[in-house]
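A closer look at the structure
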Amino acid sequence: MAFSAERLEQIKEIKNRYPAGKHKSALLPVLHLAQADHGWLPIDVMNDVAEVLDIHPIEVYEVATFYTMFHLKPVGKYVLEICRTGPCCLVGAESLIQYLKNKLNVEEGEVTADGLFTIKPVECLASCGTGPVLQIGPDYIYKENLTEEKLDQLIESLRAKG
Amino acid sequence: MGKQILLEHINKPGINTIDGYMKNGGYASVEKALKSMSPDQVVEEVKTSGLRGRGGAGFPTGMKWSFLDKKSNKPKYLVCNADESEPGTFKDRYLMERIPHLLIEGMITSSFALTANTSYIYVRGEMMYVIRILEKAIAEAYAKGFLGKNILGTGYDLDLYVHPGGGAYICGEETALLESLEGKRGNPRNKPPFPAVSGLYDSPTVVNNVETIAAVPWIINNGGASYAAIGIGKSSGTKLISACGNINKPGVYEIELGVPVEEFIYSDQYCGGIPENRELKAVVAGGSSVPILPKELILKTANGEPRLMTYESLSDGGFVSGTMLGSGGFIVFNDQACIVRNLWNFTRFYHHESCGQCSPCREGTGWMEKVLHRIEHGHGKMTDIDLLVDVAKKIEGKTICPLGEAAAWPVASAIRHFRKEFENHILHPESCSAKHLYFGTLAVH
Ligand SMILES: Cc1cc2nc3c(=O)[nH]c(=O)nc-3n(C[C@H](O)[C@H](O)[C@H](O)COP(=O)(O)O)c2cc1C
């Protein structure tokens, strides 16, 4: 089972937010919990999600493949989700993404050799006034007004954390 | 700066806590509505205010509320749209992060008006930290008796929950949002039936934007007529504008509807002009989906009138020479910005975000992205320009939801107003200043 006893309690509470018989509504919140615990969503984890929500596995797969936040293959410990949309590009996002790729020596979606990082360009994060911006799951804290120096510092501190 | 309704208290210490919020008059509208008004009186007050939906379409809120099928014996739902994913738009996040109780107060007063006993705030999943802020604020509101059973002893019950999305712009479209809230893929529904009759779990439902809901407390406290007195004509009240791009002071500004666009761009109260005193080239005034306008047409209408920040003035001239207020996502381009490159970027966005349900949108956005990619990267043909116009036309009006239009309008308007720049890219590909920043994976489904 993909979930700890504590998580199962939490899932019970989440199901109660929706009317009787509508517990399928809990699917997105529960997928976020599953990904926070496992880093990504392997098929056996998705099957366990189906089981705890009493729905068919296909109902989980079709949702997990639709929403871009869910990782369907292994990723680095830190997924750098950096905005690539127009307003961020007006203030330098394109060259920062290139800088990040060079610095970590990976292309989009790949995992660095030390297993720590994946670069995942994403669409607009509603941070257009404080771009360029990236965020890192599972807390998805925003790192805003990015520069090359700030990226250097961020990478260094994450490497130190390991 | 004009009247501040939503942001008046935003910088007060502790405003993010319920005590700080109540010290500044918070939750007064809940007391007033639940204790001294009927649900229909609240709806009437909102009608009188002239408040229009702040999510983009500008539909009158009171009228939308009056369409709710209250006679149905099914439960009624109010769902707040906090999916905020339209490029250039970051006002809802600002409100929820800084003054979460304003949204919660608005949700309670509005749910009462709609006779809803369960309501949801659907927040895009990327804003996980905002979700935590809202959940904490909701817990505070329960503890003070503003949520739960028998609120303030009035007999009215309301439960309020936050629901995370999973990363999908389309879930901002209200019927896709409802599908998503039901635990499904975000595929928009055919209308009719409209949500007011059959929405969440087939029950009568109202979906409103964060900023719309946040305006309700002031309207109830001060009366709809006072709200209607602010602004100009059918553009009543205030609007949050999130300004970004090539400006000195990006950020969220609350304007009284009616401020001249020129003042908004150049005044130090707002955007503060363009860095390094560069020239203004173009503006996307209401989020990436609305038509782009060149300097001449954004500052003045085709008739030479000053363009104002109102629904009517911005759309003056229709799609030939006007645009839309939309979500209030105000993106400014200086004379160095490349219109072709930006359009390619936006089109990639729409291709990436198309849910894939309707062929014209699924295929058309992909073709527009491909053709713009080749123009931007030096392989364009002169016939590509009309090809783009043609594809855009074949998407418009032929899809279940307006994402099709949202993808088509930027293309049509950029070519209408900047055709020369497209021709130049095709004839002199080496002259595109941004070329060295090549970063171009095509969106994949
Ligand atoms: C593709 C698409 C994306 C949308 N995104 C949002 C959004 O992020 N937030 C929002 O409030 N409305 C969005 N809308 C508009 C909603 O469908 C709906 O009109 C709105 O939530 C109604 O609330 P309002 O009347 O208070 O504006 C979007 C519409 C479309 C077609």
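Residues numbered from 1 in each chain as written. Chains lettered and ligands numbered in written order. Predicted model: local features only at pLDDT ≥ 70, side-chain atom pairs only at ≥ 80, totals over all residues. Heavy atoms only, no water.

1. Thoughts on the overall build of chain A
For chain A, the count of helices and strands is seven helices and four strands. Taken over 162 residues, chain A has a buried fraction of 54%. Across chain A, every contact between residues at least 6 apart in sequence was considered, and the portion connecting residues at least 24 apart equals 61%. With the model as given, the accessible surface of chain A reaches about 6,900 Å², and the carbon-plus-sulfur share is 50%. For chain A, the distance from the average position of its 16 positive side-chain charges to the average position of its 23 negative side-chain charges is 2 Å. (Helix = DSSP H or I, 4+ residues; strand = E, 2+ residues; numbered from the N terminus. Buried < 20%, exposed > 50% of the residue type's maximum accessible area, 1.4 Å probe, protein only. Contact = heavy atoms within 4.5 Å. Areas by Shrake-Rupley, 256 points an atom, 1.4 Å probe, with all protein chains shown as cover. Lys, Arg positive; Asp, Glu negative; His and termini not counted. Charge placed at Lys NZ, Arg CZ, Asp CG, Glu CD.)

2. A closer look at the environment of Ile-375 of chain B
Residues and elements named next belong to chain B. For Ile-375, the location among the structural elements is in helix H16 (residues 359-376). Separated by 71 residues in the primary sequence, Ile-375 and Gly-304 place their C-alpha atoms 34 Å from one another. Setting aside anything within four residues of it in sequence, one finds Ile-375 in contact with Val-340, Gly-380, Asp-384, Leu-388, Phe-422, His-425 and Ile-426.

3. Examining the site of the ligand
All names here are of chain B. Close to the ligand lie 18 residues, the nearest being Gly-55, Asn-81, Asn-208, Asn-209 and Thr-212. One of the backbone N or O atoms of Gly-55 is found 2.7 Å from an oxygen atom in the ligand. Contacts to the ligand include Thr-212, whose side-chain N or O atom sits 2.7 Å from an oxygen atom. Contact with the protein chains removes 89% of the 610 Å² of surface that the ligand exposes when unbound. Examining the composition of the shell around the ligand, we find that three residues originate from one element, strand E4 (residues 205-209), more than from any other. (Near = heavy atom within 4 Å. Polar contact = N/O pair within 3.5 Å; in protein donor to acceptor, adjacent residues only side chain to side chain.)

4. Overview of the sheet that holds strand E8 (residues 251-256) of chain B
Residues and elements named next belong to chain B. If you walk across this open sheet you meet the five strands as E8-E7-E11-E9-E10, and the pairing is mixed. Both edges of this open sheet fall to E8 and strand E10 (292-294), since each of them pairs with a single strand only. On average, each strand axis in the sheet is tilted by 30° relative to the strand beside it, whichever way the strands run. As paired strands, strand E9 (residues 280-284) and strand E11 (residues 329-334) are joined by four bridges and run antiparallel to one another. Bridge pairing in E11 places Val-283 opposite Val-332. Strands in contact with helix H18 (residues 403-427) are E9 and E10; relative to E10, the strand with the most contacts, it is inclined by about 40°. (Pairing = 2+ DSSP bridges. Axes fitted to C-alpha atoms, helices over the stretch in contact; angles between N-to-C directions.)

5. Description of the pairing of strand E2 (residues 118-123) of chain B
All names here are of chain B. Of all the six residues making up E2, six are buried; the element is thus mostly covered by neighbouring parts of the structure. Of the two faces of E2, the one carrying Thr-118, Tyr-120 and Tyr-122 and the one carrying Ser-119, Ile-121 and Val-123 are both buried. Relative to E2, strand E1 (residues 77-82) is paired through six bridges, and the arrangement is parallel. Note that in E2 the partner of Val-79 across the bridge is Tyr-120. The pairing of E2 with strand E3 (residues 159-164) spans six bridges and is classified as parallel.

6. Focus on the environment of Ala-282 of chain B
Residue and element names in this part refer to chain B. Within the secondary structure layout, Ala-282 lies in strand E9. On the accessibility criterion, Ala-282 (0% relative accessible area) is buried. A C-alpha to C-alpha distance of 22 Å links Ala-282 and Val-371, two positions 89 residues apart in sequence. In this structure, Ala-282 is in contact with Ile-292, Leu-293, Pro-294, Lys-295, Ile-331, Val-332, Phe-333, Ile-339 and Phe-418, ignoring residues within four places of it in sequence.

7. Considerations on the sheet that holds strand E3 (residues 134-136) of chain A
All names here are of chain A. Across the sheet, which stays open at both edges, the four strands sit in the order E2-E1-E3-E4 with mixed pairing between neighbours. With partners counted over all chains shown, the strands left at the sheet margins are strand E2 (117-122) and strand E4 (141-143), one partner each. Taking the axes of each pair of neighbouring strands and ignoring which way they run, one obtains an average angle of 25° across the sheet.

8. Section: the packing of aromatic side chains
The tally for this structure, following the rule as stated, stands at 20 aromatic pairs over all chains. For the pair Tyr-18 of chain A and Tyr-120 of chain B, a centre-to-centre distance of 5.6 Å together with 10° between the ring planes defines the contact as stacked. Placement of the pair is Tyr-18 of chain A in the loop between helix H1 (5-15) and helix H2 (27-38) and Tyr-120 of chain B in strand E2, with the two residues belonging to separate chains. Accessibility expressed as a relative area gives 5% for Tyr-18 of chain A, which makes it buried. The buried category is assigned to Tyr-120 of chain B, whose relative accessible area is 0%. (Phe/Tyr/Trp six-rings, centres within 6.5 Å; stacked < 30°, edge-to-face > 60°.)

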